[in-house]
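Here are the chains, one letter per residue:
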Amino acid sequence: MEVRVGAGVRGFASPASGRGTARLVVPRIITKRSPQRAVFSSSHRGLVARRRRGSAMTTAAYNTGTPDLVDFNWDSLGFQPVPTDFMFVMRCSSDGVFQKGELMPYGPVELSPAAAVLNYGQGLLEGLRAHRKEDGSILLFRPDENALRMRLGADRLCMPAPSIEQFLEAVKLTVLANKRWVPPVGKGSLYIRPLLIGSGAILGVAPAPQYTFVVFVCPVGHYFKGGLSPISLITEEEYHRAAPGGTGDIKTIGNYASVVSAQRRAKEKGHSDVLYLDPVHKKFVEEVSSCNVFMVKDNVISTPLLTGTILPGITRKSVIGIAQNLGFQVEERHITIDELLCADEVFCTGTAVVLSPVGSISYRGRRVEYGKDQKAGVVSQKLYATFTAIQKGIAEDSMGWTLQLK
């Protein structure tokens, strides 16, 4: 399998521009042959990319007036792809050993049509964020947990996985190579997407002969359109996200394709997302399409017990720890939909959504609203403020969860 990237740094469409497009400020593009492998270096003028023998070398000189920050309308950030400068690629042959990876200019990945990931869905993804501090340094939040979760998922799908050290090094290199894309303080974060895919060609159902580990990044704002405004959920009874004995507790790519239909129908009805129930009894709360769910009743915080069908979210785990440190009683247990509808507060957690308060849940024609005037509850607000303060380096990290990059 060969991974190739498109030459050059391209402009991209953005709704933020008054003329319908936003363009990277690239005074010149110089293309020539190079015998060297991909490396990167930084200077006061920007980043320089060199690519392997037989491909073009592209040198992009930037002059935005701020060497450490790209010229971009940061107020326009949503949760959509924005092409950045570099991605990280590392390959593994049939011996199961990953070779040394390299930074490459961000671009398309070429796969055989017989690749295991395309035919049989042998692939995993992760998601984490990087935040810029006032002093210009960059913070990662619990990246070791993402590395460990990928390894657990890889074992379930019969895939070799990068070591925790290889994963962390790849993430750090990719973030630093794209440091100018980390939004200014208060304008968003850099979303980091590690991928592990069966890239080798195979026809029968079996593990792929080769694997590729990719890390790319993208600046993002809020996941839901309303920002931190409470979201609206509709309970799904026809479809289920996962089943006992399946792969609901790992971050495999197939888990997300299966929720798209129900999610689209929910949005057509004006809801933000879908709440799923267990597939056996059809009464116990599991999770939302891409995030975990919590409820608050009489100042007690509860979240569904991890039984093999629910993803063990890193934000979920962190919020539980923070809540306990703040003196809250936290329970991990089976929660019925009727209990959830009687809660004082409900909120969702996840890397993408962070901590999003729920304003209403619809179930069998009944709509239950939480809070007053569509505002987050007191407990939700306190947990959100504490969590994000640690994540962004505003508060002291007594947990040792953040990793600072210079």
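Residues numbered from 1 in each chain as written. Predicted model: local features only at pLDDT ≥ 70, side-chain atom pairs only at ≥ 80, totals over all residues. Heavy atoms only, no water.

Next up on the list: the overall build of the chain. For the chain, the count of helices and strands is 8 helices and 23 strands. Burial status across the chain gives 52% buried among its 406 residues. Looking at the chain as shown, the accessible area adds up to about 18600 Å², and 52% of this sits on carbon and sulfur atoms. (Helix = DSSP H or I, 4+ residues; strand = E, 2+ residues; numbered from the N terminus. Buried < 20%, exposed > 50% of the residue type's maximum accessible area, 1.4 Å probe, protein only. Areas by Shrake-Rupley, 256 points an atom, 1.4 Å probe, with all protein chains shown as cover.)

Here we come to the UniProt feature "modified residue: N6-(pyridoxal phosphate)lysine" (unreviewed entry) in the chain. In this structure's numbering, the residues bearing the UniProt feature "modified residue: N6-(pyridoxal phosphate)lysine" (unreviewed entry) are Lys251. Note that lysine 251 resides in the loop between strand E14 (231-236) and helix H4 (254-257). For lysine 251, a relative accessible area of 13% puts it in the buried group. (UniProt positions renumbered as here; feature names shortened; annotations may be inferred.)

Our next topic: the nonpolar core. Counting 45 residues, the largest nonpolar core has Leu124, Val175, Ile192, Leu196 and Phe213 as its most contacted members. The greatest single-element share of this core, amounting to 6 residues, is contributed by strand E13 (residues 211-220). Of all hydrophobic cores here, the second largest spans 23 residues; its members include Val288, Val293, Met295 and Tyr370. (Core = buried A, V, L, I, M, F, W, Y, C linked by side-chain atoms within 4.5 Å.)

To continue, consider the packing of helix H2 (residues 143-156) against helix H3 (residues 164-177). Between H2 and H3, the least distance of the axes is 9 Å, while the angle of their chain directions is 130°. The orientation of H2 with respect to H3, classified from their angle, is oblique. In the packing of H2 onto H3, the handedness of the crossing is right-handed. Across from Pro143, Asp144, Asn146, Ala147, Leu148, Met150 and Arg151 in H2, the residues of H3 making contact are Ile164, Phe167 and Leu168. Split into classes, the residues belonging to the contact of H2 with H3 amount to 7 nonpolar, 1 polar and 2 charged. (Axes fitted to C-alpha atoms, helices over the stretch in contact; angles between N-to-C directions. Parallel < 35°, antiparallel > 145°, perpendicular 65-115°, else oblique. Left-handed = near helix turned anticlockwise from the far one by under 90°. Contact = heavy atoms within 4.5 Å. Nonpolar A, V, L, I, M, F, W, Y, C, P; charged D, E, K, R; others polar.)

Those residues of helix H5 (residues 260-268) that sit buried are Ala262, Gln263 and Ala266. One side of H5 holds all its buried residues, which, seen down the axis, span an arc of 100°. Facing away from the buried side of H5 by over 90 degrees, the exposed positions are Arg264 and Glu268. Tucked inside the fold, the buried residues of H5 contact E14 and strand E15 (273-277). In the stretch just after H5, glycine 270 is the one whose phi turns positive, near 95°. (Arc of directions from axis to C-beta.)

Per the stated rule, a full pass over the model turns up 16 salt bridges. The partner of arginine 364 in a salt bridge is glutamate 237, and the shortest N-O contact between them spans 2.9 Å. Taken together, the residues span a long stretch of sequence, with arginine 364 in the loop between strand E21 (354-363) and strand E22 (366-369) and glutamate 237 in the loop between E14 and H4 at a distance of 127 residues. The class for glutamate 237 is partly exposed, based on a relative accessible area of 30%. The shortest N-O distance in the salt bridge between glutamate 339 and arginine 333 comes to 3.0 Å. Its relative accessible area of 29% is what places glutamate 339 among the partly exposed residues. (Salt bridge = Lys/Arg side-chain N within 4 Å of Asp/Glu carboxyl O.)

Here we take up the side chain of arginine 129. Relative to the helices and strands, arginine 129 resides in strand E10 (residues 128-132). Only 2.6 Å separates the side chain of arginine 129 from the side chain of serine 189, close enough to count as a polar contact. A polar side-chain atom of arginine 129 sits 2.6 Å from the main-chain carbonyl oxygen of alanine 352. (Polar contact = N/O pair within 3.5 Å; in protein donor to acceptor, adjacent residues only side chain to side chain.)

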